[in-house]
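Coordinates in review
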Amino acid sequence: MQTQLAEFIRDSAEGREADAILRKCVHCGFCTATCPTYQLLGDDLDSPRGRIYLMKRVLEGGPLSGRTRLHLDRCLTCRACESTCPSGVRYGRLVDIGRAVVEARTTRPLPDRAARALLSFALPRARLFGAALKLGRLARPLLPGFMKRKILPARAPGEWPAPRHARRMLALAGCVQSALAPSINAAAARVLDRLGVSLVEAPGAGCCGALRFHLNRQEAGRDDMRALVDAWWPLVESGSVEAIVMTASGCGATVREYAHLLGEDPDYRHKAARISSLTRDLCEVIAAEQLPARSGLGRVAFQSPCSLQHGQQIRGKVEALLARAGFELAPVPDAHLCCGSAGAYSLLQPALAAQLRLRKLRALHEGRPQRIATANIGCLAHLQGGTPTPVAHWVELLDEALEGRTFPGA
Ligand code: SF4
Ligand code: SF4
C-alpha cells in the first residue's frame with residue numbers, strides 16, 4: 001500500500017517503523033477471517049484491515065475522533081491477524097504506534113480516564129493488588145454475582161524447593177499472578193527441581209510493563225520494563241542463571257520484545273537485548289528436558305493463549321507435555337480465537353469480553369474435559385469466572401502428575 005506519513009511522525013523511529021508495516025499490507029482481507037471482533041461485530045472498521053486503514057489515515061494527518069479510538073480500543077491485540085497475514089504485516093507493532101498517536105490527540109470521557117488511571121495504578125503493584133484481593137475475598141459473599149466471579153479463590157502455593165542444583169533459571173514473580181495464583185510459579189519450581197533445575201526469583205522484580213503499556217501509558221510501561229531490567233540485571237550479568245523462564249505467556253510475549261521496546265534507550269538497549277535473548281516460555285524449557293512419561297490421568301482441554309500462539313508463535317508444545325505427563329487432550333475447535341481476557345480488556349470492554357468467553361468456553365467444553373488448562377493468568381481468571389469446571393495453569397497439572405496426586409474425576 002502507498003503511504004505518505006504526516007510531518008509530525010515521518011522522521012521518527014515510530015514513523016519509519018509504521019511506514020514499513022503499512023507498505024506491506026495489500027488490503028487482501030485474509031486477516032478478517034480470524035479476527036474475533038470482526039466475527040462478533042461484522043464491521044470492517046473492527047477488523048485488522050479496517051483498523052490498518054484508520055491508522056494509516058491518522059498517521060497521514062487525516063481526521064480522527066472518538067470513533068477512531070473506539071475501533072482501536074475494541075482490538076484485543078490478540079495478533080491472530082498476524083498469524084494469518086500472508087504478507088507478514090506486524091499489526092501488533094502498528095497498533096501500538098497508532099494507539100499512542102490517537103491517545104495523544106483525543107480526549108477520553110472522564111469515567112474512561114478514571115477507570116484507566118485506576119487500573120494503571122493498581123494492577124502493576126503486586127502488594128496493593130494483593131491487599132485489594134484479600135479484601136475482595138473477605139467480602140465475596142456480599143458481592144454481586146458478576147464481581148464474585150472475578151475473584152479467584154485463594155490457591156495455596158505449596159513448598160518452593162530450596163535451590164540445590166548447579167543449573168539455575170530465573171522466574172518472573174510478576175504482579176497480578178503473584179497475588180492471584182502464587183501456586184503457578186511454585187509448581188513450576190517443583191517441576192523444574194525434579195528435572196534438575198533450580199528456579200529462583202529476583203528480589204524487587206515486579207510487573208513486566210505489559211499492563212501499562214497496553215493501557216496506552218506506554219512510557220509508564222517502559223518505566224516498569226526498566227525497573228525489571230534493573231532488578232534482574234545482577235543475576236543476568238553474573239551469568240548465574242541460564243535462562244529467564246516465563247510462566248505467564250502474556251508477560252513472556254512482552255519481555256521477548258524488550259530488545260525492540262527499549263531499543264531507542266541508550267542506557268537500556270544492550271541489557272534489554274540480553275534479557276530478551278535469555279527469555280523462554282516455561283513449555284520450551286520443560287520440553288528440552290526429560291519429562292517422565294505417564295498415562296491414565298484425566299481429560300483436559302488446553303486453551304492456548306493468544307500471547308503464546310500468536311504473540312510468541314509457540315504452538316503444540318504444551319499439549320505435547322500434557323500428553324506425555326499422562327493427560328488425555330480434549331479437542332478444542334477454533335483454538336486460534338481469543339477468550340476475551342487480553343490484559344485489562346475484559347475490564348474495559350466487558351460486553352465483548354463476555355461474548356468471547358462464552359464462545360471459548362463452549363469450544364473448550366465440546367470435548368467434555370474434566371479440567372481446563374491455560375498458560376496465562378489473565379485467561380485463567382477470566383475463564384474461571386464463566387465456568388464451574390476447574391481452570392488451572394498447565395504446570396499445576398504437570399506438578400500434580402509428577403507428584404502422583406490423584407486427579408479429580410479421573
Ligand atoms: S494485514 Fe495482511 S491479511 Fe490483512 S489485509 Fe493487510 S496484507 Fe491482507
Ligand atoms: S489483534 Fe486480534 S482483535 Fe485486533 S485486529 Fe488483529 S485479530 Fe482483530
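Now for a description of the structure that goes with this document. (Residues numbered from 1 in each chain as written. Chains lettered and ligands numbered in written order. Predicted model: local features only at pLDDT ≥ 70, side-chain atom pairs only at ≥ 80, totals over all residues. Heavy atoms only, no water.)

1. Description of the overall build of the chain
What the chain contains, in helices and strands, is 24 helices and 8 strands. A globule of 410 residues ought to have a C-alpha radius of gyration of about 22 Å, and the chain, at 21 Å, matches this closely. Seen through its C-alpha atoms, the chain measures out along the principal axes to roughly 60 × 50 × 45 Å. Taken over 410 residues, the chain has a buried fraction of 55%. In the chain, 74% of the contacts between residues at least 6 apart in sequence involve partners at least 24 apart. A distance of 5 Å separates the average location of the 54 positive side-chain charges in the chain from that of its 38 negative side-chain charges. (Helix = DSSP H or I, 4+ residues; strand = E, 2+ residues; numbered from the N terminus. Rg over C-alpha atoms; globule rule 2.2 N^0.38 Å. Buried < 20%, exposed > 50% of the residue type's maximum accessible area, 1.4 Å probe, protein only. Contact = heavy atoms within 4.5 Å. Lys, Arg positive; Asp, Glu negative; His and termini not counted. Charge placed at Lys NZ, Arg CZ, Asp CG, Glu CD.)

2. Brief notes about the pairing of strand 3 (residues 243-246)
Neither face of strand 3 is open: one carries A243 and V245, the other I244 and M246, and all of them are buried. Here strand 1 (residues 168-171) pairs with strand 3 via 3 bridges, running parallel. For M169, the partnering residue across the bridge sits in strand 3 and is A243. Across 3 bridges, the pairing between strand 3 and strand 4 (residues 279-281) is parallel. Residue pairing in the sheet places V245 in a bridge with R280 of strand 4. (Pairing = 2+ DSSP bridges.)

3. Thoughts on the site of ligand 2
Every residue close to ligand 2 is listed here: C35, P36, T37, P48, R51, C75, L76, T77, C78, R79, C81 and Y91. Elements supplying a minimum of two residues to the shell around ligand 2: helix 3 (36-41) and helix 4 (48-59). Across the shell around ligand 2, the residue classes break down as 8 nonpolar, 2 polar and 2 charged. (Near = heavy atom within 4 Å. Nonpolar A, V, L, I, M, F, W, Y, C, P; charged D, E, K, R; others polar.)

4. Digging into the site of ligand 1
Contacts to ligand 1 come from C25, V26, H27, C28, G29, F30, C31, I52, C85, P86, S87 and V89. Class assignment of the residues belonging to the shell around ligand 1 gives a composition of 9 nonpolar, 3 polar and no charged.

5. Some points on the sheet that holds strand 6 (residues 328-329)
Taken in spatial order, the 4 strands make up an open sheet running 6-5-7-8, and their pairing is parallel. Two strands lie at the open edges of the sheet, namely strand 6 and strand 8 (391-393), each paired on one side alone. The pairing of strand 5 (residues 299-302) with strand 7 (residues 371-374) spans 3 bridges and is classified as parallel. From the neighbouring strand, F302 faces strand 7, where its bridge partner is A373.

6. Side note on the packing of helix 14 (residues 218-237) against helix 17 (residues 269-278)
Viewed as axis vectors pointing N to C, helix 14 and helix 17 meet at an angle of 70 degrees, and their least axial separation amounts to 11 Å. In terms of orientation, helix 14 lies roughly perpendicular with respect to helix 17. Within the contact between the two elements, helix 14 uses V229, D230, W232, W233 and V236 and helix 17 uses K271, R274, I275 and L278. Partitioned by chemical class, the residues of the contact of helix 14 with helix 17 number 6 nonpolar, no polar and 3 charged. (Axes fitted to C-alpha atoms, helices over the stretch in contact; angles between N-to-C directions. Parallel < 35°, antiparallel > 145°, perpendicular 65-115°, else oblique.)

7. Side note on the packing of aromatic side chains
Summed over all chains, the structure comprises 0 aromatic pairs. Stacked on the ring of F121, the Lys or Arg R125 has its end atom at 4.2 Å from the ring centre. (Phe/Tyr/Trp six-rings, centres within 6.5 Å; stacked < 30°, edge-to-face > 60°. Lys NZ or Arg CZ within 6 Å of the ring centre and 35° of its normal.)

8. Focus: the side chain of T32
Considering the arrangement of structural elements, one finds T32 in the loop between helix 2 (13-24) and helix 3. In contact with T32, other than residues within four places in its own chain, are Y38, D44, S47, P48 and R49.

9. What about unusual backbone geometry?
Trans peptide bonds make up most of the peptide bonds, and negative phi angles are found at most residues other than glycine. If you check the backbone angles, N216 has positive phi at about 70 degrees while not being a glycine. For Q313, which is not glycine, the phi dihedral falls at a positive 55 degrees. Tracing the backbone through its elements, the reader meets Q313 in the loop between helix 19 (306-311) and helix 20 (317-325).

10. Quick word on the nonpolar core
If you look at the biggest cluster of nonpolar residues, it comprises 65 residues, and the most contacted ones within it are I286, L322, W394 and V395. In terms of residue count, helix 12 (residues 183-194) provides more of this core than any other element does, 6 residues in total. Two domains each put at least three residues into this core: domain 2 (128-286) and domain 3 (292-403). With 26 residues, the next largest nonpolar core counts A202, V241, Y258 and Y268 among its residues. (Core = buried A, V, L, I, M, F, W, Y, C linked by side-chain atoms within 4.5 Å. Domains from an automatic or database assignment.)

11. Quick notes on empty space enclosed by the protein
To find leftover empty space, a probe the size of one water molecule is rolled over the atoms. Counted according to the given criterion, the structure contains 2 cavities of 30 Å³ or more. Of the voids in this model, the largest cavity is the one considered here, and its volume is about 120 Å³. Every residue lining the largest cavity is counted, 17 residues in all, and those nearest its centre are C25, C31, I52, C85 and V89. The set of elements that each furnish at least two residues to the lining of the largest cavity consists of helix 4 and helix 6 (80-84). Here the residues of the lining of the largest cavity sort into 12 nonpolar, 3 polar and 2 charged. Looking at the second largest cavity, it is lined by 14 residues, and the ones nearest its centre are C35, R51, C75, C78 and C81. Looking at the lining of the second largest cavity, the elements that each hand over two or more residues are helix 3, helix 4 and helix 6. (1 Å grid on protein atoms, 1.4 Å probe; cavity = no way out; pocket = protein on both sides within 12 Å on 5 of 7 lines; lining within 4 Å. Points joined across faces, edges and corners; volume = space filled by probe spheres on them.)

12. Section: the environment of Q349
Residue placement: Q349 occurs in the loop between helix 21 (345-348) and helix 22 (350-365). Between the C-alpha atom of Q349 and that of D73, which follows or precedes it by 276 residues, the distance is 8.3 Å. In contact with Q349, other than residues within four places in its own chain, are D73 and R74.

Such coordinate-based values are descriptive only and should not be taken to indicate function.
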